[in-house]
Amino acid sequence: MPYIEVKIAKQASRKQERILTDKLGEAITLLPGKTVNGLMVSISSDEHIYKGGEFLEFGAYVNIVLKSGPSGEECEKLNEAVFKIMEEDLRIPRENVYVTFHLCDHFGVNGKIL
């Protein structure tokens, strides 16, 4: 049931999107009980991302939505994995990446609230 939304400034190819989706699927397993089977990923590329008023040619925003529960330490492991993916696979410098975590008490899946 985790959801990861990725917005990147540069245009991503379908191959890059597939690699990103696969890597995020691996990374989500760093959280106890999370598997790639329940993960939904949304990727938007060619976004207009600005930092400090300046357009970023290589920038990214990653929003991770989870049912409440993971510890700060567990989120830190996933956070580091996301930064590594952005740097190594998309060549986006870590200073141009923001990651947010949203923990929800109520998450709807298959017509039911978890």
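Refer to the preceding data block for the structure.
Residues numbered from 1 in each chain as written. Predicted model: local features only at pLDDT ≥ 70, side-chain atom pairs only at ≥ 80, totals over all residues. Heavy atoms only, no water.

## Overview of the overall build of the protein chain
- Along its length, the protein chain carries two helices and eight strands.
- Order of helices (α) and strands (β) in the protein chain, N terminus to C terminus: β-α-β-β-β-β-α-β-β-β.
- The C-alpha radius of gyration computed for the protein chain amounts to 14 Å, which stays within 12% of the reference 13 Å derived for 114 residues, consistent with globular compactness.
- By principal-axis analysis of the C-alpha atoms, the protein chain measures approximately 40 × 30 × 25 Å.
- Burial analysis of the protein chain (114 residues in total) assigns 38% to the buried set. (Helix = DSSP H or I, 4+ residues; strand = E, 2+ residues; numbered from the N terminus. Rg over C-alpha atoms; globule rule 2.2 N^0.38 Å. Buried < 20%, exposed > 50% of the residue type's maximum accessible area, 1.4 Å probe, protein only.)

## Focus: the environment of Leu-30
- Mapping Leu-30 onto the fold places it in the loop between α1 (14-28) and β2 (40-44).
- Each C-alpha atom, one on Leu-30 and one on Lys-7, is 22 Å from the other, the two residues being 23 residues apart in sequence.
- Beyond its immediate chain neighbours, meaning those up to four positions away, Leu-30 contacts Lys-77, Leu-78 and Ala-81. (Contact = heavy atoms within 4.5 Å.)

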